[in-house]
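# Survey of secondary and tertiary structure
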Amino acid sequence: MNNIMGNEASEFHKQCLEAHNAYRKKHKVASLKLDKELCIYAQEWADSIAAKSVMQHRSNSKYGENIYYFYSSDPNHKVHGKDAVDVWYDEIKQHTFGVEPKTMGTGHFTQVVWKDSKHLGVGVSKNSKNQVFVVCNYDPPGNYVGRYKENVPKVGGF
């Protein structure tokens, strides 16, 4: 496995955190803080799913979780931390504010801006097939039924 490590991983974490917080600012919710232990947790899962080449949520996790997958035939192509967050946030186009969702079709977006989430963990892993897996974990987790109205504000806030 060709794990993304050292300065490259630190830069990826920084980009991912900044992208989350830029979107959260648009919705007037507090910034997330990068959490070292949560990053270790996310990295373990990113490594695990990259090794299996499968996009799969961790079962029985006590954290919120978003997963992103990218493939390029160019082994030198770099995935940036913002890339995953942009894809997740793009689900805003399908989200209806002020009501409980009927499906989890916008669950990545809602987790990104979930007001009650305070801490972020980021993991990124690239395997020998040039597949990149990104895992973000959130504490406290979001996407609780019955709590969307007070946790997912429109752009500009509640």
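Thresholds applied
- Residues numbered from 1 in each chain as written.
- Predicted model: local features only at pLDDT ≥ 70, side-chain atom pairs only at ≥ 80, totals over all residues.
- Heavy atoms only, no water.
- UniProt positions renumbered as here; feature names shortened; annotations may be inferred.
- Helix = DSSP H or I, 4+ residues; strand = E, 2+ residues; numbered from the N terminus.
- Polar contact = N/O pair within 3.5 Å; in protein donor to acceptor, adjacent residues only side chain to side chain.
- Buried < 20%, exposed > 50% of the residue type's maximum accessible area, 1.4 Å probe, protein only.
- Pairing = 2+ DSSP bridges.
- Patch = residues over 30% accessible without salt bridge, like charges linked within 9 Å, V, L, I, M, F, W, Y side chains within 5 Å.
- Areas by Shrake-Rupley, 256 points an atom, 1.4 Å probe, with all protein chains shown as cover.
- Salt bridge = Lys/Arg side-chain N within 4 Å of Asp/Glu carboxyl O.
- Arc of directions from axis to C-beta.
- Contact = heavy atoms within 4.5 Å.
- Core = buried A, V, L, I, M, F, W, Y, C linked by side-chain atoms within 4.5 Å.

An unreviewed UniProt entry lists the protein under the name CLUMA_CG012126, isoform A, with Clunio marinus as the source organism. Recorded in UniProt for the protein, the comment headed Subcellular location (unreviewed entry) runs: "Secreted".

## Let's talk about the UniProt feature "domain: SCP" (unreviewed entry) in the protein
The feature "domain: SCP" (unreviewed entry), as annotated in UniProt, sits at residues 11–146 in this numbering. The straight-line gap between the two end C-alpha atoms of residues 11–146 is 36 Å; of that span, 36% is helix and 20% is strand.

## Points about the side chain of Q43
Checked against the element boundaries, Q43 lands in helix α2 (residues 36–52). For Q43, the side chain forms a polar contact with the side chain of D47, separated by 2.8 Å.

## Some remarks on the pairing of strand β4 (residues 119–126)
Looking down a regular strand, the side chains alternate between one sheet face and the other. Summarising burial for β4: seven of the eight residues are buried, a large majority. The sheet contact formed by strand β2 (residues 33–34) and β4 spans two bridges and is parallel. Within the sheet, the bridge partner assigned to K33 lies in β4 and is H119. Sheet topology places β4 next to strand β5 (residues 131–139); eight bridges connect them, and they run antiparallel. Considered in β5, the bridge of L120 is made with Y138. Where β4 hands over to β5, the hairpin turn is made up of four residues, of which N130 adopts a positive phi near 65°.

## Remarks on a nonpolar patch on the surface
On the surface, a nonpolar cluster with roughly 310 Å² of combined accessible area is contributed by M55, Y69 and Y71. In this fold, M55 is placed in the loop between α2 and β3 (64–71).

## Brief notes about helix α3 (residues 81–89)
Along α3, the residues that are buried comprise G81, A84, V85, W88 and Y89. Looking straight down α3, one finds its buried side chains confined to an arc of 130°; they lie on one side.

## Looking at the environment of W88
With respect to the helices, strands and loops of the structure, W88 is situated in helix α3. Excluding residues that lie within four positions of it along the chain, W88 makes contacts with H20, N66, I67, Y68, H108, F109, V112, V134, C136 and Y138.

## Observations concerning unusual backbone geometry
Following D139, the chain continues to P140 via a peptide bond in cis, the omega torsion being -15°. Phi is positive for K28, which is not a glycine, with a value near 60°. Mapping K28 onto the fold places it in the loop between α1 (6–26) and β2. With a phi close to 55°, N60 is a non-glycine residue in the positive phi region. Within the secondary structure layout, N60 lies in the loop between α2 and β3. With a relative accessible area of 80%, N60 lands in the exposed category.

## Things to note about the nonpolar core
In this structure, V85, W88, V112, L120, V134, C136 and Y138 are the most contacted members of the largest nonpolar core, which totals 26 residues. Elements with a minimum of two residues in this core: α1, α3, α4 (107–113), β4 and β5. By residue number, the principal contributor to this core is α1, which donates five residues. Look past the residues within four positions of V134 in its chain and what remains in contact with it is F12, N66, I67, Y68, A84, W88, G123 and V124. Of all hydrophobic cores here, the second largest spans eight residues; its members include W45, A46, A50 and V135.

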